Amino acid sequence: MSTQSIRVFRKLEGLFSVYKPKGVHWKLVRDTVETNILKGINAAPPSAPRLRVKFLLGPGGSKSSSDLTLSAASLPALSDHPLVSGPEFQQVRVGVGHRLDAFSSGVLVLGVGHGNKALKDLYGSCVTRDYILEGEFGMATNNFTHTGTVIEKTTYDHITRDKLEKVLAMMQGVNQKALLVYSNVDMSSQEAYELAVKGALRPDGKTPPIMLGLRCLHFQPPHFTLEVQCINETQRYLCKVLHEVGLELRSSAFCKGVRRTRDGPFILRDTLTRHHWAAPDVMQAIQHYRSLTKAPKHTRMDTNSTITGTQEDNHTDNQWQEKGGKEAIAPLN
Amino acid sequence: MASACMQLCSCLLRLKTTRIVLQYTSRAQKCPVASSGVPVMSSILHSAHTSFLTRPSSRLRLRRSYSTTNAHTSLKKDIEALPELSAGEVVPYNNPLSQQLRDGMTSTEVQQISLDLDTAARLSPLDEISDQEALRLDVPSALPPASFSLRDYVDESETLSKLVQLGVKLWKLEQRPNVGSMLLKLDFHTDVAPRLVFLKEIGVEDSRLGHIVTHNPFILTESLENLRARVAYLRSKKFSSEGVASMVSRAPYLLNFSVQRLDNRLGFYQQQLGLSTQKTRELVGRLPRLLCGSLEPVKENLKVFQLELGFRENEIQHIVMTIPKVLTANKKKLTHIFDYVHNTMNVPQSLIVKFPQVMNSKYLRIQERHLFLQYLRKAQYDPALPNYISLDRLVSLPDQDFCTELASATLEDFELFLKTL
């Protein structure tokens, strides 16, 4: 028996992304979205109440008190009244993909209902994530961010852009080596060579955080901005990376902001801001991602895992496909 | 199981009658809940007062004692119309499988009934019976003896159906512990109706009655003298009758508090805030739940205003009279917002006092809008300088108006900017 509410719920099942504001715990975001989705689903009109046959006693024809006649009447049952049974949906399963801590902001992938299965596959597969890190030279703090207590202060006049780029290149090289090690392929085999040529050398399963790409977007001492592509990371690790960049440059640095701009195939452009965390917008976002996954994709060969200026979308599609993401999303189609 | 079947037959909604119609002696009852189909032995008659099988305590209990309350139902006519039978008379029944036990039986009457098992055995369900006897056969409704939900009883209970017609959200009330049982025990004509009439008398609108009972079902168990005394007290404090009606409909628990407690609270607000009687009346009339909740959070909030935020007494008075809600707001939120507005946005305290709406709004809203204006280099909150943006407009305008009037940008630009924060 499919009521209006159930039909609305079916349209709301799937994956979508929201933009988590800074300073807010991810659980609050998830709870708010769940409440708003429930409001949208329960706003649909309820189905008609069932009819019950009631035998009502009425005065008989002969006017004597002992004579009664039963008349059948079909009346709506009060037990189906919305004030008695309550709203049809009291809880909706909304799952969160890769979490973001309260200090960070950015793309947060959520899944509703059956979309949680695809979410689980997405979470398990090694999709890359893009971050933009804002840092500042001159201080080192205990939790690597501007909210912590200051441990030391240093000068930063000697830092130039090319020194920074050198340090970043060195770090990227180290991470490349780690990537090769963790891809579980024997380096001296033909298979390894072919995979490397195609750019399909990827780690699988549990690895420590590996940065596949690192570059400097903006440099104006003491402020600087880095863009990172990584897998298996935590936001605290990224703040620590900034701290280490400062150390490598014989100075110190701390992080002022961590912003996730991409999580697998979910890019910043399609995220829902706080004002759009309601059922109709969520429905639209889910439809959008469903249409994306339905469209045929050609596998773009990625020569190297560095950011060489290739478009992020194709890069992500490639990643998504390689990790068997297509099968994961298939149930949504 | 057996006693559960027993309780089943003690329908809550049967009228109390001493005219016991014990139509059959062996307790071969079909128990819909248990669906055991096992003929229940006559020994159960003696265990008429055994307690229920222990089930999870959250279930609603239908005790046999309910049968002795004045529960009038639509089936009253049915019972009265049937031929009078004296206590203890045994009428041989013809259908051993039908449930025909009436309530109102006490243990003494139980013993008087002779158990005629042979009579029961001789009769068969396939025998034809006359119309008179068919009418006398009473099929009690299949009410479960205990249930998690009021859904099972609402069709049979007059009280519950009338409450649903009034607009009371039974689904919310049944989640509260013991409220469901309490509502079932109430009788509409003697308990509920007088109190609803009383509420109407003091001026509460019909559409609000459902809301009041949903939030405070205990108003139906409060004694009428107490309710009248409290309304009289409020009137004596020079609250107008419309004011009292509006206060009761917005704070449903108000009339459950004793006169002393109400007096205590009114005195507290007058003293602590240093307000005149007229102003206190206005404050409480605007936010009647100030009289209902605990005073500790209010005291803490006042201390926060005085010590942490550093407002003077007349400033606090002005803020509270404009936005009474700050008295019960979250302290962390208050300090967070004040810190952002005063230290990051560099708005002086005097200006914050002029626009207390800022303390009531969401922190994220203030932050996003301020950063957007700062990005557009329009964040100017000093009234002396040109292009001044007032705090109340910053906070209270909806997004579209904020973008067009204050920021001179489009909503899409604002959204794009939000994604860069």
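Numbers given to residues run from 1 along each chain, matching the order in which its sequence is written. Think of it this way: whatever chain is written first is A, whatever ligand is written first is 1, and the rest follow in order. Given that the model is predicted, a residue must reach a pLDDT of at least 70 before its local features are reported, and side-chain atom pairs must reach 80 or more before they are shown or counted; all residues, however, enter totals for whole chains, interfaces and linings. Remark: hydrogens and water are excluded; side-chain values derive from all non-hydrogen atoms of the structure.

Focus: the overall build of chain A
- Only DSSP runs of H or I with at least four residues qualify as helices, and only runs of E with at least two residues qualify as strands; both kinds are numbered from the N terminus onward. Each helix and strand in chain A was counted, giving 10 helices and 12 strands.
- Only protein chains enter the area calculation, which uses a 1.4 Å probe; residues under 20% of their type maximum are buried, those over 50% are exposed, and those in between are partly exposed. Among the 333 residues that make up chain A, the fraction classed as buried is 47%.
- The criterion used for residue contact is that any of the two residues' heavy atoms lie within 4.5 Å. Put simply, of all contacts in chain A between residues at least 6 apart along the chain, 72% involve residues at least 24 apart.
- Here chain A has roughly 16,600 Å² of accessible surface; of this, 56% comes from carbon and sulfur atoms. Every accessible area reported is derived by Shrake-Rupley at a probe size of 1.4 Å, with residue values counting cover from the shown protein chains alone.

Let's talk about the pattern of salt bridges
- Salt bridges are identified by distance alone: a Lys or Arg side-chain nitrogen within 4 Å of an Asp or Glu carboxyl oxygen. Following the criterion strictly, the structure yields 25 salt bridges over all chains and no others.
- Between A:Lys27 and A:Asp31 there is a salt bridge, and its shortest N-O distance comes to 3.8 Å. With A:Lys27 and A:Asp31 both in helix 2 (residues 26–42) and 4 residues apart, this pair spans about one turn of that helix.
- Owing to a relative accessible area of 27%, A:Asp31 belongs among the partly exposed residues under this scheme.
- The closest approach of N and O atoms between B:Asp155 and A:Arg52, which form a salt bridge, is 3.7 Å. One end of the pair, B:Asp155, is in the loop between helix 7 (151–154) and helix 8 (158–166); the other, A:Arg52, is in strand 2 (residues 51–59), on a second chain.
- A residue is classified by how much of its surface remains accessible, and B:Asp155, at 15% relative accessible area, is buried.
- Note on A:Arg52: relative accessible area 31%, which makes it partly exposed.

Details of the packing of aromatic side chains
Residues and elements named next belong to chain B.
- Here is the rule: rings of Phe, Tyr and Trp (six-membered ring for Trp) pair when centre to centre is within 6.5 Å. Planes less than 30 degrees apart are stacked, more than 60 are edge-to-face, and the remainder are tilted. Inspection of the entire model under this criterion finds 13 aromatic pairs over all chains.
- Seen in terms of ring centroids, Phe 311 and Phe 338 are 5.6 Å apart; in terms of plane orientation they differ by 75 degrees. Their pairing is edge-to-face. You can see Phe 311 sitting in the loop between helix 17 (296–308) and helix 18 (313–322) and its partner Phe 338 sitting in helix 19 (residues 331–344), a full 27 residues away along the chain.
- Of the residues examined, Phe 311 reaches a relative accessible area of 4% and is grouped as buried.

Focus on helix 25 (residues 411–418) of chain B
- Turning to helix 25 of chain B, its buried residues are B:Phe414, B:Glu415, B:Phe417 and B:Leu418. Projected onto a plane normal to the axis of helix 25 of chain B, the buried residues spread over an arc of 160 degrees and lie on a single side. Exposed positions of helix 25 of chain B whose direction lies more than 90 degrees from the buried face are B:Glu412 and B:Leu416.
- Next to the buried residues of helix 25 of chain B lie strand 1 (14–20) of chain A together with helix 22 (363–375) and helix 24 (399–407) of chain B. To be clear, the arc concerns the directions from the helix axis to the C-beta atoms.

A short note on unusual backbone geometry
- Look at the link from A:Pro221 to A:Pro222: it is a cis peptide, with omega at 0 degrees.
- Note on placement: A:Pro222 falls in the loop between strand 9 (210–220) and strand 10 (223–231).
- Residues other than glycine seldom take positive phi values, yet B:Asn346 does so here, at roughly 55 degrees.
- Summarising the element assignment, B:Asn346 is placed in the loop between helix 19 and helix 20 (349–354).
- Look at B:Asn346 and you get exposed, because its relative accessible area is 59%.
- Its identity is not glycine, yet B:Arg377 carries a phi of approximately 60 degrees, on the positive side.
- Inspection of the secondary structure assignment puts B:Arg377 in the loop between helix 22 and helix 23 (391–396).

So, the interface of chain B and chain A
- At the junction of the two partners, chain B supplies 29 residues and chain A supplies 31 residues.
- The term buried area refers to how much accessible surface (probe radius 1.4 Å) is lost by two components on association, counted for both of them together. Regarding the contact of chain B and chain A, the summed buried area is about 2,500 Å², with carbon and sulfur atoms giving 57% of it.
- For chain B, the biggest contributors to the area lost against chain A are B:Asp155, B:Trp171 and B:Lys419; these three give 28% of the whole.
- Counting the contacts that link chain B with chain A gives 3 salt bridges.

Remarks on the packing of helix 17 of chain B against helix 19 of chain B
Residues and elements named next belong to chain B.
- Here an angle of 0 to 180 degrees is reported between the N-to-C directions of two axes, which are lines fitted to C-alpha atoms, with helices fitted over the stretch in contact. For the pair helix 17 and helix 19, interaxial distance at closest approach is 10 Å and the crossing angle is 20 degrees. Between helix 17 and helix 19, the crossing angle belongs to the class labelled roughly parallel. The way helix 17 lies across helix 19 gives a crossing that is right-handed. Here Pro 297, Glu 300, Asn 301, Val 304, Phe 305 and Glu 308 of helix 17 lie close against helix 19, whose contacting residues are Lys 331, Leu 334 and Thr 335.
- Gly falls in the polar group here, along with every residue not listed as nonpolar (Ala, Val, Leu, Ile, Met, Phe, Trp, Tyr, Cys, Pro) or charged (Asp, Glu, Lys, Arg). Classifying every residue of the contact of helix 17 with helix 19 by side-chain character gives 4 nonpolar, 2 polar and 3 charged. Should an angle lie under 35 degrees it is considered roughly parallel, over 145 roughly antiparallel, and from 65 to 115 roughly perpendicular; all remaining angles are considered oblique. Rotating anticlockwise by less than a right angle from the far helix to the near helix defines a left-handed crossing, while the corresponding clockwise rotation defines a right-handed one.

Overview of the confidence of the model for chain B
Residue and element names in this part refer to chain B.
- pLDDT runs from 0 to 100 and stands for how confident the predictor is about each residue. Mean pLDDT for chain B: 77, with 71% of residues reaching 70 or above.
- The low-confidence segment residues 1–58 (pLDDT under 50) makes 145 contacts with residues lying over four places distant or belonging to another chain.
- Low confidence marks residues 61–112, where pLDDT is under 50. Its contacts with residues over four positions away, or in another chain, come to 133 contacts.
- Listed scores for the predicted complex are pTM 0.75 and ipTM 0.82.

So, the pairing of strand 9 of chain A
Residues and elements named next belong to chain A.
- Should DSSP find at least two bridges between two strands, the strands are taken to pair. Looking at chain direction, strand 9 and strand 10 are connected through 9 bridges and run antiparallel. When the sheet's bridge partners are listed, Phe 219 is paired in strand 10 with Phe 224.
- Linking strand 9 to strand 10, which pair antiparallel, is a turn of 2 residues.

Quick word on a nonpolar patch on the surface
- Taken together, the side chains of A:Val53, A:Phe55, A:Leu70 and B:Leu135 make up a nonpolar region of the molecular surface, amounting to roughly 400 Å² of accessible area.
- Relative to the assigned elements, A:Phe55 resides in strand 2. The patches reported here contain residues having more than 30% relative accessible area and no salt bridge. Joining distances are 9 Å for like charges and 5 Å for nonpolar side chains (Val, Leu, Ile, Met, Phe, Trp, Tyr).

Structural notes on the side chain of A:Arg30
Residue and element names in this part refer to chain A.
- Within the secondary structure, Arg 30 is located in helix 2.
- Given a relative accessible area of 16%, Arg 30 falls into the buried group.
- Those residues within four positions of Arg 30 in sequence are excluded, and the remaining contacts are Val 94, Val 96 and Leu 110.

Concerning helix 22 of chain B
All names here are of chain B.
- Expected helix span is computed as 1.5 Å times (number of residues minus one). The end-to-end C-alpha separation of helix 22 is 18 Å, in line with the 18 Å expected for 13 residues at 1.5 Å each.
- Looking at helix 22, one finds that the buried residues are Leu 364, Ile 366, Gln 367, Glu 368, Arg 369, His 370, Phe 372 and Leu 373.
- At its buried positions, helix 22 is contacted by helix 19, helix 21 (357–360), helix 23, helix 24 and helix 25.
- Arg 377 sits one or two positions beyond helix 22 and adopts a positive phi of about 60 degrees.

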